[in-house]
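Structural overview for review
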Number of protein chains: 2
Amino acid sequence: MPRIEHITITPIAFREPPLLAASGIHQPWAIRCIIEMHVEGGIVGLGESYGDRTTLMGLEVAAKRLIGHDATNLNRIARASSEAATEIDPLLAIRGTSMPTPHAELELRLAGGIEVAALDAWGKSTGMRLCDILGGQVREKVPYAAYLFYRFGHHIGFENEEDEWGEALTPEAVVEQAGQMIEKFGFQSMKLKGGVFAPEVDVETLNALSEAFPGIPLRVDPNTNWSEETTEALIPLLLGKLEYLEDPVAGMDAMARIQAKSDIPLSTNMCVTRLEHLPEAISKNVVKVILADHHSWGGVSKTMHLAQCCTTWGIGLSMHSNSHLGISLAAMTHIGAAIPGPIYSFDTHYCWEKEDVIEGGLIEFEDGSLGVPEGPGLGVAIDQDMLKRMAKNYANLEFEYRDDASEMLKYWPDWQAGVMPKF
Amino acid sequence: MPRIEHITITPIAFREPPLLAASGIHQPWAIRCIIEMHVEGGIVGLGESYGDRTTLMGLEVAAKRLIGHDATNLNRIARASSEAATEIDPLLAIRGTSMPTPHAELELRLAGGIEVAALDAWGKSTGMRLCDILGGQVREKVPYAAYLFYRFGHHIGFENEEDEWGEALTPEAVVEQAGQMIEKFGFQSMKLKGGVFAPEVDVETLNALSEAFPGIPLRVDPNTNWSEETTEALIPLLLGKLEYLEDPVAGMDAMARIQAKSDIPLSTNMCVTRLEHLPEAISKNVVKVILADHHSWGGVSKTMHLAQCCTTWGIGLSMHSNSHLGISLAAMTHIGAAIPGPIYSFDTHYCWEKEDVIEGGLIEFEDGSLGVPEGPGLGVAIDQDMLKRMAKNYANLEFEYRDDASEMLKYWPDWQAGVMPKF
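Everything in this summary refers to the structure shown in the same document. Fair warning: this is a prediction, and the values are worked out from it, not measured in the lab.

For the rest of this paragraph, the subject is the packing of helix H5 (residues 171-185) of chain A against helix H6 (residues 199-212) of chain A. All names here are of chain A. Between H5 and H6, the least distance of the axes is 9 Å, while the angle of their chain directions is 40°. It follows from the interaxial angle that H5 and H6 lie oblique. The way H5 lies across H6 gives a crossing that is right-handed. In this structure, H5 uses Pro171, Glu172, Val174, Val175 and Ala178 to contact H6, whose residues at the interface are Val201, Glu204, Thr205, Ala208, Leu209 and Ala212. Classifying every residue of the contact of H5 with H6 gives eight nonpolar, one polar and two charged.

Turning next to the relation of the copies chain B and chain A. After a rotation of 180° and a shift along the axis of 0.0 Å, chain B superposes on chain A with an RMSD of 0.0 Å. Both chain copies can therefore be described as sitting about a two-fold axis. Most of the interface of chain B is mirrored in chain A, where 100% of its interface residues are also at the interface.

Turning to the sheet that holds strand S4 (residues 29-39) of chain B, a few remarks are in order. Residue and element names in this part refer to chain B. If you walk across this open sheet you meet the three strands as S1-S4-S5, and the pairing is antiparallel. A strand with exactly one partner marks an edge of an open sheet, and here the two such strands are strand S1 (4-15) and strand S5 (43-50). On average, each strand axis in the sheet is inclined to that of its neighbour by 20°, with strand direction left out of account. Two elements, S4 and S5, share eight bridges in a ladder whose sense is antiparallel. Within S5, the position partnered with Val39 by the bridge is Ile43. Contacts from helix H1 (residues 53-66) reach S1, S4 and S5, with the element oriented near 165° to S1.

Inspection of the entire model under this criterion finds 32 aromatic pairs over all chains. With a centroid separation of 6.4 Å and 20° between ring planes, the pair formed by A:Trp165 and A:Phe185 is classed as stacked. Note that A:Trp165 is positioned in the loop between strand S7 (146-149) and H5 and A:Phe185 in helix H5, a separation of 20 residues in sequence. Through pairs of rings, three or more aromatic residues link up here, namely A:Tyr144, A:Tyr147, A:Phe149, A:Trp165, A:Phe185, A:Phe187, A:Phe346, A:Tyr350, A:Trp352 and A:Phe365. Its end group placed over the ring of A:Phe158, A:Arg15 keeps NZ or CZ at 4.0 Å from the ring centre. When the ring centre of B:Tyr50 is taken as origin, the NZ or CZ atom of B:Arg32, which lies over that ring, is 5.8 Å away.

Taken residue by residue, the interface counts 27 residues in chain B and 27 residues in chain A. Note on chain B versus chain A: buried area summed over both sides is about 2,200 Å², and carbon and sulfur give 64% of it. Between the two partners, chain B and chain A, sit zero salt bridges. For the pair chain B and chain A, the number of links is nine residue pairs in polar contact (both at pLDDT 80 or more). Sorting elements by how many residues they give to the side of chain B that touches chain A places helix H10 (residues 300-313) of chain B first, with seven residues. Its residues assigned to classes, the side of chain B that touches chain A comprises 15 nonpolar, nine polar and three charged.

It is worth spelling out the environment of B:Gly326 at this point. Residues and elements named next belong to chain B. Take Gly326: it is sitting in helix H11 (residues 326-338). Gly326 sits in the buried class, given a relative accessible area of 0%. When the C-alpha positions of Gly326 and Cys310 are compared, they lie 26 Å apart, and in sequence the two are 16 residues distant. Aside from chain neighbours lying at most four places away, what touches Gly326 is Glu48, Tyr350, Asp356, Ile358 and Ile363.

Before going further, it helps to spend a moment on the side chain of A:His334. Residues and elements named next belong to chain A. Tracing the backbone through its elements, the reader meets His334 in helix H11 (residues 326-338). Note on His334: relative accessible area 0%, which makes it buried. A polar contact is formed between the side chain of His334 and the backbone nitrogen of Cys131, at a distance of 3.1 Å.

Next up on the list: the pairing of strand S5 (residues 43-50) of chain A. Extensive coverage of S5(A) is indicated by the burial of seven of its eight residues. The hairpin turn running from strand S4 (residues 29-39) of chain A into S5(A), its antiparallel successor, is three residues long, and A:Gly41 in that turn takes a positive phi close to 90°.

Residues and elements named next belong to chain B. Within the secondary structure, Ile363 sits in the loop between H11 and strand S14 (369-371). Counting along the chain gives 282 residues from Ile363 to Ser81, while the straight-line C-alpha distance between them is 30 Å. Once residues lying within four places of it in the same chain are set aside, the contact partners of Ile363 are Gly326, Leu329, Tyr350, Ile358 and Leu370.

What follows deals with the packing of H6(A) against helix H7 (residues 228-238) of chain A. Residue and element names in this part refer to chain A. Running from N to C, H6 and H7 point in directions that differ by 15°, and their axes come no closer than 11 Å. Classed by the angle they form, the pair H6 and H7 counts as roughly parallel. Regarding H6 and H7, the two cross each other, and that crossing is right-handed. Here H6 contributes Pro199, Val203 and Leu206 to the contact with H7, which in turn contributes Thr230, Leu234, Leu237 and Leu238. Partitioning the contact of H6 with H7 into residue classes produces six nonpolar, one polar and no charged.

What follows is about the pattern of salt bridges. As enumerated under the stated definition, the model contains 56 salt bridges over all chains in all. Across the pair A:Lys191 and A:Asp221 runs a salt bridge, and its minimum N-O distance is 3.6 Å. Here A:Asp221 lies in strand S9 (residues 218-221) and A:Lys191 lies in strand S8 (residues 190-193), a separation of 30 residues in the sequence. Classification of A:Lys191 by relative accessible area gives buried; the value is 0%. Across the pair B:Asp52 and B:Arg109 runs a salt bridge whose closest N-O atoms are separated by 3.2 Å. Separated by 57 residues along the polypeptide, B:Asp52 in the loop between S5 and H1 and B:Arg109 in helix H3 (residues 103-126) bring together distant segments of the chain. Relative accessible area serves as the criterion here: at 10%, B:Asp52 is assigned to the buried category. You can call B:Arg109 buried: its relative accessible area is 15%. Salt bridges sharing partners connect three or more residues here, namely A:Lys191, A:Lys193, A:Arg219, A:Asp221, A:Glu243, A:Glu246 and A:Asp347.

What counts and what doesn't
Chains are numbered independently. Their residues run from 1 in the order of the written sequence. Going through the entries in the order they are written, you letter the chains from A and number the ligands from 1. Where local features are concerned, this predicted model is filtered to residues with pLDDT of at least 70; where side-chain atom pairs are given and counted, the filter is 80 or more; whole-chain, interface and lining totals use all residues. Excluding hydrogens and water, the side-chain figures rest on all heavy atoms present in the structure. Axis definition: a line fit to C-alpha positions, over the contact stretch in the case of helices; interaxial angles, taken between N-to-C directions, run 0 to 180 degrees. Helix and strand assignments follow DSSP, with helices taken as H or I runs no shorter than four residues and strands as E runs no shorter than two, numbered in order from the N terminus. Here the angle decides the label: under 35 degrees means roughly parallel, over 145 means roughly antiparallel, 65 to 115 means roughly perpendicular, and every other value means oblique. Handedness of a crossing is defined here by the sense of rotation of the near helix relative to the far one, left-handed for an anticlockwise turn of less than a right angle and right-handed for a clockwise turn. Every residue pair with non-hydrogen atoms within 4.5 Å of one another is taken to be in contact. Residues are sorted three ways: Asp, Glu, Lys and Arg are charged, Ala, Val, Leu, Ile, Met, Phe, Trp, Tyr, Cys and Pro are nonpolar, and all the rest, Gly among them, are polar. Superposition of the copies was done by least squares, using only C-alpha atoms of residues whose pLDDT is at least 70 in both. Two strands make a pair as long as DSSP finds a minimum of two bridges between them. Only rings of Phe, Tyr and Trp enter the pairing, Trp through its six-membered ring, and a pair is recorded when the two centres are within 6.5 Å. The plane angle decides the type: under 30 degrees is stacked, over 60 is edge-to-face, the rest tilted. Note on geometry: a ring has a charge over it if NZ (lysine) or CZ (arginine) is within 6 Å of the ring centre and within 35 degrees of the ring normal. In short, buried area is how much 1.4 Å probe accessible area vanishes from two parts on joining, totalled over both. One side-chain nitrogen of Lys or Arg within 4 Å of one carboxyl oxygen of Asp or Glu is enough to make a salt bridge. A 3.5 Å cut-off defines polar contacts: any pair of N or O atoms within that distance qualifies, except that in protein one atom must be a possible hydrogen donor and the other a possible acceptor, and neighbouring residues in sequence count only when both atoms are side-chain atoms. In this scheme, a residue with accessible area under 20% of its type's maximum is buried, one over 50% is exposed, and one in between is partly exposed, where area comes from a 1.4 Å probe on protein chains only.

The structure is reproduced here in structure tokens:
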């Protein structure tokens, strides 16, 4: 069992396209952190997590508590993460951050980041791939969905960086984006990030996508920016067109009321985000599909438990994504490869990334899917030069928390931050 | 990853005391099987499972299907077990066995046996203890409960083998048995196997135990031999005296009706015996405590999922036991040591055993608890001489299925086999 010698947490930033969502617009820089867990034998396990100040503080504290423990001791990682969340809670209060993270959420985030590094170290120490540690590979390829966004052509202040995708603010432009994305990555399912414009626009976009790509499963996620009344009115327009409808409204009760009235399966990554939410979610029949996320659910082990619960209760399973790089993508792929039950194609922002912190650069999709990377653990290694460059990007930033709402006001001064639902 | 070269399944038999339960009396011989999984590197992983003909047939078929696969591939073991259950189903029908095992139950039994051997091989190949593989040790000692039985002094035909415990057919004698057991093993909780005599006798025994051992948590298990009416009438007499009441009545609905009316927590190992039973059990609030059993729940991995579900839903967890030897006891101890949530002391018949198939003989309890055996994997090794002796015992038997009911008729010819509930 490889003992943990030290853990380094490196905040990084990488360029991000101006993708629109209900909560605002993706900032020009996405922030993440890379976790390097150095264990006995010169082996380094890799993890990737959020880059906000709170997570970084928590990871530093948890990391110190784990020195000398076995990398395989996932229960110890959970405990250290819980202790770290408790320890930094008062600090957060003193600093008066505007983005307090609930303790229960924070401890799961910390464990989520560290556990991946620990499992990678475990795998590299024993020659096992992560999917082997998780019970063995059951599918050759893990399918991902095209993640379609309304978006601007470039960020304010980055006028020279118009990318290959260009502006997409109309249904026609999103159809074009989808076509590009399918051609480039081979995706066989699509998800539209909705809730940006009036719902009629989303419906029009979905209709246009259905027409342009018949037979390709389609999802839409307005991120709770619809009211219950609006959602009820939209259901007949969406019926038969969606694989599932993600988080139309906020809260388990409202979601359950919609699900009770609708034949469209609902999904969520917003109102069911921890194992402890399952009892209420299941008893209220809130959704038919849950979007897992090992970063926020407490790690790979908790995600595998969630997957087993989904099989046991007959709930569908997909995976949620924030902007992320290849370490997280590799972890998601191993998880997807080892889940014995059925899965929906996973969400990923990865199709929007232009560079990666791992050796070899961006991982390439094949027919919209990924095989498990070769080699033990996650099967990926850090490009140290790129890590340094991305760490420098982060050091030059003037923000410590992602804030899509403030960014949005630069583009649409009349946009009402914090008003939800807008439609 | 250690590849499976071959797996041997050795049925064994060992002497068993004449313990009484609702279903009859333990036969003079308990039958089990020992699984030896030979993997690359000359390592042998050990498992222990049921010894009935159906399980043996299934294990042989599953074992063949696993040759060449990685011992760590628990998903493959589950699949091979399912396939084996399907393959032998028709054979069972042809042979007209009187003890058909449902497919869903059989495949979990097969996986339950093989998975322990696979995890032991995994551990021995990597230097990890089973509890390390399961997420890490969270408690030094795993508590077990004294398992009190009404019993005869000796089996018919074994008059010379009266053991140290002697006959216990009265409340007073059971109190004496409990005293002996606590003195010998240090147990700090007790379970009475009830349902043998009229419930008034059980109540009298429980009262006598409470009086003799104040403060020691007490459980009773009539194995569904009480009617709902009887149980309702007994509840006021048991209130405040029991840690929990195990399987008073048959079926989830009847259990739920009792639980709804009673402040005594109910537990079960009879109506909730698979992960797929959890949705109904939870929605109907059937029990407050579930007794896991890795042998029948599909293995260690499924047991760990169950434990997580119990934590998530706020259900108590203990562990059920059939007659078993040290390999199973070691597995139970590793599982108990690695479950992050709270556990009730585990059941075990082990206190009744006189010899073991593992090197060093019987494992010794300390204060009613067990620490995790030292060494990788399960931390136990086979005593090959004893294995041969116990295999010879089995070869000399004239039965292939445990049949406590027929045995009972030798003692009490008027006993009504198959009539349940009797009270």
